[in-house]
Amino acid sequence: MFSTLPIPIIQAPMAGGVSTPELAAAVSNAGGLGFLAGGYKTAEAMRKETHELRTLTDRPFGVNVFVPGDKTVDEEAVERYRVALAAEAERFGASVGEPKWEDDDWAAKLDVLLQERVPVVSFTFGCPDKEVIAALQKAGSFVMVTVTSREEACMAAEAGANALCVQGEEAGGHRASFGNDPKKDETLALFPLLAQVRTAVRIPLVAAGGIMDGRGIAAALKAGASAVQLGTAFLRCPESGAHPLHKQALADPRFAETAVTRAFTGRPARGLVNRFMAEYRAMAPAAYPHVHHMTKPLRAASAKVGDPEGMSLWAGTGYRLARELPAAELVEELKRELEEAQGR
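Now for a look at the structure at hand. (Residues numbered from 1 in each chain as written. Predicted model: local features only at pLDDT ≥ 70, side-chain atom pairs only at ≥ 80, totals over all residues. Heavy atoms only, no water.)

Observations concerning the overall build of the protein chain
Reasoning step 1: Scanning the protein chain for helices and strands turns up 12 helices and 11 strands.
Reasoning step 2: Over its C-alpha trace the protein chain gives a radius of gyration of 19 Å, about what one expects of a compact globule, namely 20 Å for 344 residues.
Reasoning step 3: Referenced to the eigenvectors of the C-alpha coordinate spread, the extents of the protein chain come out at roughly 55 × 45 × 40 Å.
Reasoning step 4: The proportion of buried residues among the 344 residues of the protein chain is 57%.
Reasoning step 5: Within the protein chain, counting contacts between residues at least 6 apart in sequence, those at least 24 apart form 68% of the total.
Reasoning step 6: By element, 50% of the accessible surface of the protein chain is carried by carbon and sulfur atoms, the whole surface being about 14,400 Å². (Helix = DSSP H or I, 4+ residues; strand = E, 2+ residues; numbered from the N terminus. Rg over C-alpha atoms; globule rule 2.2 N^0.38 Å. Buried < 20%, exposed > 50% of the residue type's maximum accessible area, 1.4 Å probe, protein only. Contact = heavy atoms within 4.5 Å. Areas by Shrake-Rupley, 256 points an atom, 1.4 Å probe, with all protein chains shown as cover.)

Take a look at the structure:
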């Protein structure tokens, strides 16, 4: 798969409306691999976006879905957090959402992927059963699993994945870890992790986390990756569905750092440090998607009044290097930088 890409660049699947069909098509048409994000939408909405993308490109593309996690949570901790969030809700005249578990339309989404014969399918938050991966492969899909440790890499390779997306701690947005145990929150930076995974598996690797320019791409390829996956680098593109306040925050001096938090969704995710993260980071429980549902109306209310301090501003550590360019131009610029870094 990766050897057929004119440019070894994959646009990360960013859920929540960021990865639009227009963005994915622009990247694929420019020679990279564009991705849709199936997370947080129904199976039929995912199917509709897949059809729309196919009207915009005849190049390969990918669709990412979330693997359902454990239903078990500390209900008392969730209730304490709900009470704490009541003050936040009052600030915006909103209500705290209902904390609940759901599987993100998992079975129906698998059916859509099989029926639509999506060229590349990737998974986040876990690894599907061998049977699921085999069925997708039989339908013609190239299957990739996102991993954050050597152990996860071995599990995914054993399950039959065609490739692994190796996500370092520098990555923006959700950490793709298979579990959600706070005792196992420590993760490795991309290059040490890539080295560990390379010694453990013999399938192609995609490097993800903090890569923003051609020099970073060249370094990842030299370290053994077959391709790289960039998310934050595409956030400021006009085709990106990121909220305008989110795009502006990436270049705003007041947002001076990123951190990993469970405050917005109950799963660790890296974003720009703002008021909400600072105030609620310490008390947020490991409860996903319960916390996501609780804070969703609060985040929406914050965005509605133009206040980025209450929004989830996902961003990787290299966010200051994000460029406000059309996606196709960005891919071309990255290609030029890559060739320069490789001495071509």
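Further notes follow.
Quick look at the sheet that holds strand 10 (residues 258-261)
Reasoning step 1: Taken in spatial order, the 3 strands make up an open sheet running 7-11-10, and their pairing is antiparallel. Single-partner strands in this sheet number two, and they are strand 7 (173-174) and strand 10.
Reasoning step 2: Relative to strand 11 (residues 269-272), strand 10 is paired through 4 bridges, and the arrangement is antiparallel. For Thr 258, the partnering residue across the bridge sits in strand 11 and is Leu 272. (Pairing = 2+ DSSP bridges.)

Overview of the packing of helix 6 (residues 150-158) against helix 7 (residues 190-200)
Reasoning step 1: Between helix 6 and helix 7, whose axes approach to 9 Å, the crossing angle comes to 40 degrees. Between helix 6 and helix 7, the crossing angle belongs to the class labelled oblique. The interaxial crossing formed by helix 6 with helix 7 has right-handed handedness. Of the residues in helix 7, those in contact with Arg 150, Ala 153 and Cys 154 of helix 6 are Leu 193, Gln 196, Val 197, Thr 199 and Ala 200.
Reasoning step 2: Within the contact of helix 6 with helix 7, the residues separate by chemical class into 5 nonpolar, 2 polar and 1 charged. (Axes fitted to C-alpha atoms, helices over the stretch in contact; angles between N-to-C directions. Parallel < 35°, antiparallel > 145°, perpendicular 65-115°, else oblique. Left-handed = near helix turned anticlockwise from the far one by under 90°. Nonpolar A, V, L, I, M, F, W, Y, C, P; charged D, E, K, R; others polar.)

A word on the pattern of salt bridges
Reasoning step 1: Going through the model one piece at a time under the given rule, you end up with 18 salt bridges.
Reasoning step 2: Arg 91 is the partner of Glu 88 in a salt bridge, and the nearest nitrogen-oxygen pair spans 3.8 Å. Taken together, the positions of Glu 88 and Arg 91, both in helix 3 (residues 75-92) and 3 residues apart, correspond to about one turn of that helix.
Reasoning step 3: Glu 88 sits in the buried class, given a relative accessible area of 2%.
Reasoning step 4: Here Asp 213 makes a salt bridge to Arg 215, at a shortest N to O gap of 3.5 Å.
Reasoning step 5: Given a relative accessible area of 16%, Asp 213 falls into the buried group.
Reasoning step 6: Each of the salt bridges in this network shares a partner with another, and the network as a whole consists of Glu 44, Arg 47, Arg 54 and Glu 116. (Salt bridge = Lys/Arg side-chain N within 4 Å of Asp/Glu carboxyl O.)

Observations regarding the side chain of Ser 149
Reasoning step 1: Among the structural elements, Ser 149 can be located in the loop between strand 5 (142-147) and helix 6.
Reasoning step 2: Engagement of the side chain of Ser 149 in a polar contact is seen with the backbone nitrogen of Glu 152, the distance being 3.1 Å.
Reasoning step 3: Ignoring any residue separated from it by four or fewer positions in sequence, one finds Ser 149 in contact with Leu 193 and Val 197. (Polar contact = N/O pair within 3.5 Å; in protein donor to acceptor, adjacent residues only side chain to side chain.)

Concerning the packing of aromatic side chains
In this description, a pair of aromatic rings is defined by centroid distance and the angle of the planes.
Reasoning step 1: For the structure on display, the rule yields 9 aromatic pairs.
Reasoning step 2: Between Tyr 40 and Phe 66, the ring centres sit 5.4 Å apart and the planes meet at 80 degrees, which makes this aromatic pair edge-to-face. With a gap of 26 residues between them, Tyr 40 in the loop between strand 2 (34-37) and helix 2 (43-56) and Phe 66 in strand 3 (residues 61-66) connect regions that are remote in the sequence.
Reasoning step 3: Overall, Phe 66 belongs to the buried group, its relative accessible area being 9%.
Reasoning step 4: Plain terms: the ring middles of Phe 125 and Tyr 288 are 5.4 Å apart, the flat faces sit at 65 degrees to each other, and that makes the pair edge-to-face. Note that Phe 125 is positioned in the loop between strand 4 (120-124) and helix 5 (130-138) and Tyr 288 in the loop between helix 10 (275-280) and helix 11 (290-304), a separation of 163 residues in sequence.
Reasoning step 5: Taken together, Tyr 81, Phe 264, Phe 276, Tyr 280 and Trp 314 form an aromatic cluster joined through their ring pairs.
Reasoning step 6: The ring of Phe 125 has Arg 267 lying over it, and the distance from NZ or CZ to the ring centre is 4.1 Å. (Phe/Tyr/Trp six-rings, centres within 6.5 Å; stacked < 30°, edge-to-face > 60°. Lys NZ or Arg CZ within 6 Å of the ring centre and 35° of its normal.)

Regarding the environment of Val 67
Reasoning step 1: With respect to the secondary-structure elements, Val 67 resides in the loop between strand 3 and helix 3.
Reasoning step 2: On the accessibility criterion, Val 67 (12% relative accessible area) is buried.
Reasoning step 3: Sequence-wise, Val 67 and Arg 254 are 187 residues apart; in three dimensions their C-alpha atoms are separated by 35 Å.
Reasoning step 4: Filtering out sequence-adjacent residues up to four positions away, Val 67 remains in contact with Trp 106, Phe 123, Thr 124, Phe 125, Gly 126, Cys 127 and Pro 128.

Describing the pairing of strand 8 (residues 205-208)
Reasoning step 1: Alternating positions in strand 8 separate into two faces, Leu 205 and Ala 207 on one and Val 206 and Ala 208 on the other, with burial throughout.
Reasoning step 2: The sheet contact formed by strand 6 (residues 163-167) and strand 8 spans 4 bridges and is parallel. Within the sheet, the bridge partner assigned to Gln 167 lies in strand 8 and is Ala 208.
Reasoning step 3: Here 3 bridges tie strand 8 to strand 9 (residues 227-230), and the two strands are oriented parallel to one another. By the bridge assignment, Val 206 is partnered in strand 9 with Ala 227.
Reasoning step 4: For the crossover from strand 8 across helix 8 (residues 214-222) to strand 9, the handedness is right-handed. (Right-handed = clockwise from strand over helix to strand, strands pointing away.)

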